[in-house]
Amino acid sequence: MDPTLIVLLASTAAAGLAALGPLPLLGRERTPTVAIGWANALAAGLMLGAAYLLMSAGRAYLPLEGAAGAALGIFFVWLTHLAAGTEELDLNRLDESSSVYGYRVMLVNALHSASEGVAIGAAMSVGVPFGIVLVVAIGVHNVPEATILCAVLRARGVRGGAAAALGVLTNVTQVLLAVVTFALLEAVPGLLPVTIGFAFGSLVYLVLFELLPECYRQAGRTTIALVTLVAMGIVVLLGGLAQ
Ligand SMILES: [Zn+2]
């Protein structure tokens, strides 16, 4: 099978998992705040695990290019938040009533997913088996992230299939960037170290900047730290077993 097609199919499957996001909310009239915190910590841990695996793979390449790429990835996330005016936006406020809040959260989610698409494309370029491990980690993490988004949307009157569809829609950028990054690296393999660095830097920055700050107030520090680390550890372990 054409490797670009494998990237397209695998990243589409990962994005599609976001459709499961509303499931944990079924049968509950209100979303417990603590559950939002756990979902954030779970997504954060899976992202950190993916970032660790990328960094491990990147050690084989030029360290300076990787470091420059990481700085570029951090700068990219910082700049997109600055441009969108979302630097101080809490992404999981269920009581926020302004009309633009839902759109801004969706925009941030779409930009967030773009960096994860770069990570998938770079990992697939390292090798398809390694790429599949990253796709599984990012795909599973799409579920709790979609659960949080759906909780926000539900609080704004968007429910069921519509919320699930919007959860998947914000991950279209993941598929797009995975395919574009992979195709670019096929054409210019010399960009792999800087791209791995970019993905690593942006993923870790997203975790520190978007996912973790709010959830410490939602579920308690020990729980959040442990859920994050266990999720990260499972990805690192699976990545090690797959090599
Ligand atoms: Zn994420």
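Residues numbered from 1 in each chain as written. Predicted model: local features only at pLDDT ≥ 70, side-chain atom pairs only at ≥ 80, totals over all residues. Heavy atoms only, no water.

## With respect to the confidence of the model for the chain
To be explicit about the condition: Known as pLDDT, the predictor's per-residue confidence is scaled from 0 to 100. Numbering goes from the N terminus for both helices and strands, where a helix is a DSSP run of H or I of at least four residues and a strand is a run of E of at least two.
Per-chain confidence: the chain averages 91 in pLDDT, with 100% of residues scoring 70 or above. Within the chain, the element-level pLDDT minimum falls on helix α6 (residues 160–169), averaging 89, and the maximum on helix α7 (residues 172–187), averaging 97.

## Some details on the coordination of the zinc ion
So the rule is basically this: Donor atoms (N, O, S) are those found within 2.8 Å of the metal centre, with the cutoff raised to 3.2 Å for Na, K and Ca; water is not part of the atom list, so apparent gaps in a site can occur.
M47 (SD), H112 (NE2), E116 (OE), H141 (NE2) and E145 (OE) make up the full set of protein donors to the zinc ion, lying at 1.9 to 2.6 Å. Summarised as a motif, the one-chain spacing of the donors to the zinc ion is M-x64-H-x3-E-x24-H-x3-E. Pair noted here: M47 is in helix α2 (residues 33–58) and E145 is in helix α5 (residues 128–155), with a separation of 98 residues, a long-range link.

## As for the pattern of salt bridges
Keep this limit in mind: A carboxyl oxygen of Asp or Glu within 4 Å of a side-chain nitrogen of Lys or Arg is what we treat as a salt bridge.
Overall, the coordinates contain one salt bridge when judged by the stated rule. Here R217 and E214 are joined by a salt bridge, their closest N and O atoms 2.6 Å apart. Taken together, the residues R217 and E214, both in helix α8 (residues 192–219) and three residues apart, mark about one turn of the helix.

## Here we look at the packing of aromatic side chains
Put simply, the rule is: The rule is short: rings of Phe, Tyr and Trp, with Trp giving its six-membered ring, pair when the centres are within 6.5 Å, and they are stacked under 30 degrees, edge-to-face over 60, tilted in between. Remark: exposure states derive from per-residue accessible area (1.4 Å probe, protein chains only) relative to the maximum for the residue type, with buried under 20%, exposed over 50%, and partly exposed in between.
Considering all chains together, one arrives at three aromatic pairs under this definition. Ring centres 5.2 Å apart and planes at 15 degrees place the aromatic pair Y205 and F209 in the stacked group. Placement of the pair is Y205 and F209 together in helix α8, with a separation of four residues, close to one helical turn. F209 sits in the partly exposed class, given a relative accessible area of 26%.

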